[in-house]
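# Per-entry structural report
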Amino acid sequence: MDDDAGCPGEENCEVWLSSAEPKFCPRCPKLAQPKESDESWEEKQLLDRVERLLCERDSGRAIYKLLTPEEWELMLIWDKTEESYARSRQTAHEMRIEAMFEMLVSLGTVR
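Residues numbered from 1 in each chain as written. Predicted model: local features only at pLDDT ≥ 70, side-chain atom pairs only at ≥ 80, totals over all residues. Heavy atoms only, no water.

### Observations concerning helix H3 (residues 41-58)
Quick note on the threshold: Each helix corresponds to a stretch of at least 4 residues labelled H or I by DSSP, and each strand to a stretch of at least 2 residues labelled E; elements are numbered beginning at the N terminus. What a helix is expected to span follows from its residue count: subtract one and scale by 1.5 Å. Remark: exposure states derive from per-residue accessible area (1.4 Å probe, protein chains only) relative to the maximum for the residue type, with buried under 20%, exposed over 50%, and partly exposed in between. Arc definition: it is the arc formed by the directions from the helix axis to the C-beta atoms.
For H3, spanning 18 residues, the distance from its first C-alpha to its last is 26 Å, which sits close to the expected 26 Å at 1.5 Å a residue. What H3 keeps buried is the set Val-50, Leu-53, Leu-54 and Glu-56. Down the axis of H3, the smallest arc covering the buried residues is 165 degrees, so these residues share one side. Turned more than 90 degrees from where H3 packs its buried face, Trp-41, Arg-52, Cys-55 and Asp-58 sit exposed.

### What to know about the side chain of Glu-71
Rules: Side-chain atoms alone can form a polar contact between residues adjacent in sequence; in general such a contact is a pair of N or O atoms within 3.5 Å, and within protein one must be able to donate a hydrogen while the other accepts it. Whether two residues are in contact is decided by their heavy atoms: any pair within 4.5 Å suffices.
Mapped onto the secondary structure, Glu-71 falls in helix H4 (residues 69-110). A polar contact of 2.6 Å, which involves the side chain of Glu-71, links it to the side chain of Arg-49. Reaching out from Glu-71, the side chain makes a polar contact with the backbone nitrogen of Thr-68 at a distance of 3.0 Å. With residues near it in sequence (within four places) discarded, Glu-71 still touches Leu-46, Arg-49, Leu-53 and Leu-66.

### A word on the pattern of salt bridges
The test is simple: A carboxyl oxygen of Asp or Glu within 4 Å of a side-chain nitrogen of Lys or Arg is what we treat as a salt bridge.
The final tally for this structure, using the stated rule, is 6 salt bridges. Here Arg-52 makes a salt bridge to Glu-56, at a shortest N to O gap of 2.8 Å. Residue Arg-52 and its partner Glu-56 are both found in helix H3; the two are separated by 4 residues, about one turn of the helix. Since its relative accessible area comes to 54%, Arg-52 is described here as exposed. A salt bridge links Arg-57 to Asp-79, with the shortest nitrogen-to-oxygen separation between them at 2.7 Å.

### Focus on the environment of Leu-53
Along the chain, Leu-53 turns up in helix H3. On the accessibility criterion, Leu-53 (2% relative accessible area) is buried. On a C-alpha basis, the gap between Leu-53 and Tyr-64 in space is 9.2 Å, while along the polypeptide they are 11 residues apart. Those residues in contact with Leu-53, other than ones at most four positions away along the chain, are Ile-63, Leu-67, Glu-71 and Met-75.

Structure (structure tokens):
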């Protein structure tokens, strides 16, 4: 056994060996280790501030006079990104519903 808190290693792990590509072991202690972030401390602070401002805006507080131009731009980018994700989730949901409906219709016509 390796020193990784009970991990037998990829070549001896039954879960790893039996998983489909890409290989994955959900209980692997190696995955529980915190990963290094690509964000600098300044980037993290800025994103935390923007998240806080978004929460305050969404709760009804008038925050626009408190914003720097960079924060305003980041809030716009954040909103557009969330809107894009919501549209893609909605589209995927509509496709699943359409497929389910087509299956139901085809089952109804077979009888």
